[in-house]
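This is what each chain is made of:
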Amino acid sequence: MAAYDYDLFVIGGGSGGVRAARVAAALGKRVAIAEEYRFGGTCVIRGCVPKKLYVYASQFPEHFADAAGYGWTVPEASFDWPTLVANKDKEIARLEAIYKKNVEGSGGETFHSRAVLVDTHSIYLVAEDRTVSADQILIATGGRPAPHPALPGHEYCIFSNEAFDLKELPKTIMIEGGGYIAVEFANIFHGLGVDTTLVYRGQEILSRFDMDLRRSLHETMERKGIRILCHAVSESVRKTPEGRLDVLLSSGQTLTVDQVMLAIGRLPNTENMGLEGVGLELSKTGAIVVDKHSRTNVDNIWAIGDVTHRVQLTPVAIHEAMCFVETAFKDNPTAPDHDTIPTAVFSQPEIGTVGLSEDDAIERYADVEIYRASFRPMRHTLSGRDEKMLIKLVVDGASRKVIGAHILGPDAGEMAQLLGIPVKAGLTKEDFDRTMAVHPTAAEELVTMYKPTYRVKNGERV
């Protein structure tokens, strides 16, 4: 057997790569991990974590306004963007140190360096100017915002990465895109007092979510004051003499704003890593092609997370990492389970969802029951806020299984995590019905909707 420096070398220090390195090292394997930027990856450094902190910050104006209905007199508030950015940076630095420490504490070795494959068992560490060898190699380099080089004036645009660290908060912003990143940032900037316009090429925002939630969120965002322009794309961005940006849309409109943010998808980080040189198969988008066990076409090289373009969610990358360790080092081949994944959009109000949308269920099942409740949550009664909550269950009429659960409203993300358990377990509507309600809560609607709102049989609503 060939002698290698490491049993496992991980390229990429995000959530998936760090988990794989830490767990493998804890098993006694000789492990090293290389990260060229900051440990923690997209989620911790420039994604989920800072975004959620900014979501919290952007919610305070509504909290202040709602307080009056409950007897509170709140003095006129002011917001300081540099304070938010500085406090965010402190928290991110703390988490980054923990990620690195967790690997080293488990016995793994960390490198702050770009890593390039020399051959199927050799990795060149650029910052170290040396080559190391490994029996198994795991690529977990994640992704990045997709650029738009064909857009005239694209050099004036920012992406989600830059949005966290702007020198000053703009007075106006245009965000292009209709996915969860675009929608979340539209709500964040609006909540922080920025005049916000969302531009999306499709007919409705959040294309992969249930249509009821998409429409309801769209309407609520517009009532709050966010301008949403569907069926439109930017055709050019021009800088004005005053330093602002003129954006010409395909609809013929011109928007003049302080910032343009592009949120039009993400690309895998696979360039200039030596992947082609070792014969690694890539998809048309540059993603690493893997089998069900995350193994590439090269026997000892694996890939997990966003770089594979399967499901781009942090918990999925972590799950794939755990399955990789089981397969590669425990002689227990385990394929990641990508079915029925709970997810959330931290818009205002939030979306929480798990399972099939109504439209997807109708395509798969001959008999579908829809249970739907729309109401003003109790927290808005005294505040007078005119904002409704939507709770929806999708049921297979034949098996009685709850195959989809969708929520729009406060704490929807928290509810989606809990709903993921019964939906994943295949529980029936009767299981929901015989579960006692917690009163008074918004979530009690999940177990008190006894009669279907309507049914769809063979594609026809009855």
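Overview of the structure. Note that this is a predicted model, so its numbers are computed, not measured. (Residues numbered from 1 in each chain as written. Predicted model: local features only at pLDDT ≥ 70, side-chain atom pairs only at ≥ 80, totals over all residues. Heavy atoms only, no water.)

A count of helical and extended segments in the protein gives eleven helices and 23 strands. Projecting the C-alpha coordinates of the protein onto the three principal axes gives extents of approximately 70 × 65 × 45 Å. For the protein, the residues scored as buried account for 52% of the 462 residues in total. A total accessible area of about 21500 Å² is found for the protein, and carbon and sulfur atoms account for 51% of it. (Helix = DSSP H or I, 4+ residues; strand = E, 2+ residues; numbered from the N terminus. Buried < 20%, exposed > 50% of the residue type's maximum accessible area, 1.4 Å probe, protein only. Areas by Shrake-Rupley, 256 points an atom, 1.4 Å probe, with all protein chains shown as cover.)

Take the packing of helix α3 (residues 48-67) against helix α4 (residues 81-105) next. The relative placement of two packed helices is expressed as an angle between their axes plus a distance between the axes. Two elements in contact, α3 and α4, have axes whose closest approach is 10 Å; the angle formed by their N-to-C orientations is 145°. For the pair α3 and α4, the crossing hand works out as right-handed. Judged by residue contacts, V49, P50, L53, Y54 and A57 of α3 engage W81, L84, V85, K88, E91, I92 and L95 from α4. Considered class by class, the residues forming the contact of α3 with α4 number ten nonpolar, no polar and two charged. (Axes fitted to C-alpha atoms, helices over the stretch in contact; angles between N-to-C directions. Left-handed = near helix turned anticlockwise from the far one by under 90°. Contact = heavy atoms within 4.5 Å. Nonpolar A, V, L, I, M, F, W, Y, C, P; charged D, E, K, R; others polar.)

Right, let's get into the nonpolar core. I175, F189, L198, I205, M221 and M261 are the most contacted members of the largest nonpolar core, which totals 39 residues. Secondary-structure elements contributing two or more residues to this core are α3, α4, β8 (172-176), α6 (180-191), β9 (195-200), α7 (211-224), β10 (227-230) and β17 (343-345). Here the element with the most residues in this core is α6; it accounts for six residues. Contact partners of I175, with chain neighbours within four places excluded, come to A182, F185, A186, F189, T196, T197, L198, V199 and M261. Counting residues in hydrophobic clusters, the runner-up holds 25 residues, among them L8, A24, L95 and L138. (Core = buried A, V, L, I, M, F, W, Y, C linked by side-chain atoms within 4.5 Å.)

A separate point is the side chain of E358. If you trace the backbone, E358 turns up in helix α9 (residues 358-364). Of note is the side chain of E358, whose polar atom sits 2.6 Å from the side chain of K392. Contact partners of E358, with chain neighbours within four places excluded, come to D210, D212, I370, K392, V394, Y454 and V456. (Polar contact = N/O pair within 3.5 Å; in protein donor to acceptor, adjacent residues only side chain to side chain.)

On to the sheet that holds strand β12 (residues 245-249), then. Within the open sheet, the three strands sit side by side as β11-β12-β13. Their pairing is antiparallel. Pairing within the sheet leaves two strands with one partner each, and these edge strands are β11 (234-239) and β13 (254-257). Within this sheet the neighbouring strands show an average axis-to-axis angle of 20°, counted without direction. Relative to β12, β11 is paired through five bridges, and the arrangement is antiparallel. When the bridges of β12 are listed, V237 appears paired with V247. (Pairing = 2+ DSSP bridges.)

Between the first and last C-alpha of α6 there are 16 Å, a value that for twelve residues agrees with the 16 Å anticipated at 1.5 Å per step. Within α6, nine of the twelve residues are buried, which leaves the element mostly enclosed by the surrounding structure. Residues of α6 that are buried include every one of A182, V183, E184, F185, A186, N187, I188, F189 and G191, and no others. One or two steps after α6, the chain reaches G193, where phi turns positive at roughly 95°. (Expected span 1.5 Å × (residues − 1).)

Alignment of strand β4 (residues 115-119) against strand β5 (residues 122-125), held across four bridges, turns out to be antiparallel. Its bridge partner lying in β5, D119 is registered against S122. Hairpin connection from β4 to β5: two residues lie between these consecutive antiparallel strands.

On to unusual backbone geometry, then. The general pattern is negative phi for most residues beyond glycine and trans for most peptide bonds. The linkage connecting Q348 with the following residue, P349, adopts the cis geometry, with an omega of 10°. Relative to the elements of secondary structure, P349 occurs in the loop between β17 and β18 (351-355). Along the chain, H439 connects to P440 via a cis peptide bond; the corresponding omega equals -5°. Non-glycine residue L206 carries a positive phi angle of around 55°. Relative to the helices and strands, L206 resides in the loop between β9 and α7.

With that settled, the discussion passes to the sheet that holds strand β22 (residues 454-457). Strand order across the open sheet formed by seven strands is β17-β18-β21-β20-β19-β22-β23, with antiparallel pairing between neighbours. On the outer flanks of this sheet lie β17 and β23 (460-461), each paired with one strand and no other. The sheet strands contacting α7 are β18, β19 (367-375), β20 (389-396), β21 (402-408) and β22, and the helix crosses β21 at an angle near 5°.

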